[in-house]
Amino acid sequence: LQSLLQESPLLARLPLGAMSGGAVGEQDELERTEAMDILYEIATLLNTGLNKDTLNALVGLCELGVNPEALAECVRDLRKEAARLREQEATAASSGPPAVPALPTMGGRQAP
């Protein structure tokens, strides 16, 4: 991911300038779509696990000046946290239903 997001000769040749906002013409939109398709193919070949929407968001953040190394670290951290939560949910599901606490009693009878 980090190598994909950093500037390289390949990325320098791609028409990514249209992605930075402003008035976007029909030709600019076609170039932007083509560039994102190429980046997505590269990301797929590198087994990044990024979908097109996520890749588009990451490229947009890079174009806004966000450090690509910091973005890569954030993606890694989010993936680790998601895996931890999935494991926690799987463990909770395999241990059975959670215990239901008893209702408090009032003078020998249960509260409504």
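Above this text sits the structure in question.
Here's a quick rundown of the structure. In this text, all values refer to a predicted model and were calculated from it rather than measured experimentally. (Residues numbered from 1 in each chain as written. Predicted model: local features only at pLDDT ≥ 70, side-chain atom pairs only at ≥ 80, totals over all residues. Heavy atoms only, no water.)

With that out of the way, let us pick up the pattern of salt bridges. Counted according to the given criterion, the structure contains 3 salt bridges. As a salt-bridge pair, E73 and R76 come within 2.9 Å of each other at their nearest N and O atoms. Residue E73 and its partner R76 are both found in helix α5 (residues 68-94); the two are separated by 3 residues, about one turn of the helix. Overall, the relative accessible area of 38% leaves R76 in the partly exposed class. (Salt bridge = Lys/Arg side-chain N within 4 Å of Asp/Glu carboxyl O. Helix = DSSP H or I, 4+ residues; strand = E, 2+ residues; numbered from the N terminus. Buried < 20%, exposed > 50% of the residue type's maximum accessible area, 1.4 Å probe, protein only.)

Ranked by size, the top nonpolar core spans 10 residues in total: M36, L39, A43, L50, L55, L58, V59, C62, L71 and V75. Those elements that provide at least two residues to this core are α3 (26-45), α4 (52-63) and α5. No other element matches the 4 residues that α4 contributes to this core. (Core = buried A, V, L, I, M, F, W, Y, C linked by side-chain atoms within 4.5 Å.)

On to unusual backbone geometry. Here the phi dihedral of N47 falls at roughly 55°; this positive angle occurs in a residue that is not glycine. Within the fold, N47 resides in the loop between α3 and α4.

This brings us to the packing of α3 against α4. Two elements in contact, α3 and α4, have axes separated by 10 Å at closest approach and are oriented at 110°. In terms of orientation, α3 and α4 fall into the roughly perpendicular class. In this structure, α3 meets α4 at a crossing whose hand is right-handed. Across from R32, M36, D37, L39, Y40 and A43 in α3, the residues of α4 making contact are K52, L55, N56 and V59. Taken together, the residues of the contact of α3 with α4 break down into 6 nonpolar, 1 polar and 3 charged. (Axes fitted to C-alpha atoms, helices over the stretch in contact; angles between N-to-C directions. Parallel < 35°, antiparallel > 145°, perpendicular 65-115°, else oblique. Left-handed = near helix turned anticlockwise from the far one by under 90°. Contact = heavy atoms within 4.5 Å. Nonpolar A, V, L, I, M, F, W, Y, C, P; charged D, E, K, R; others polar.)

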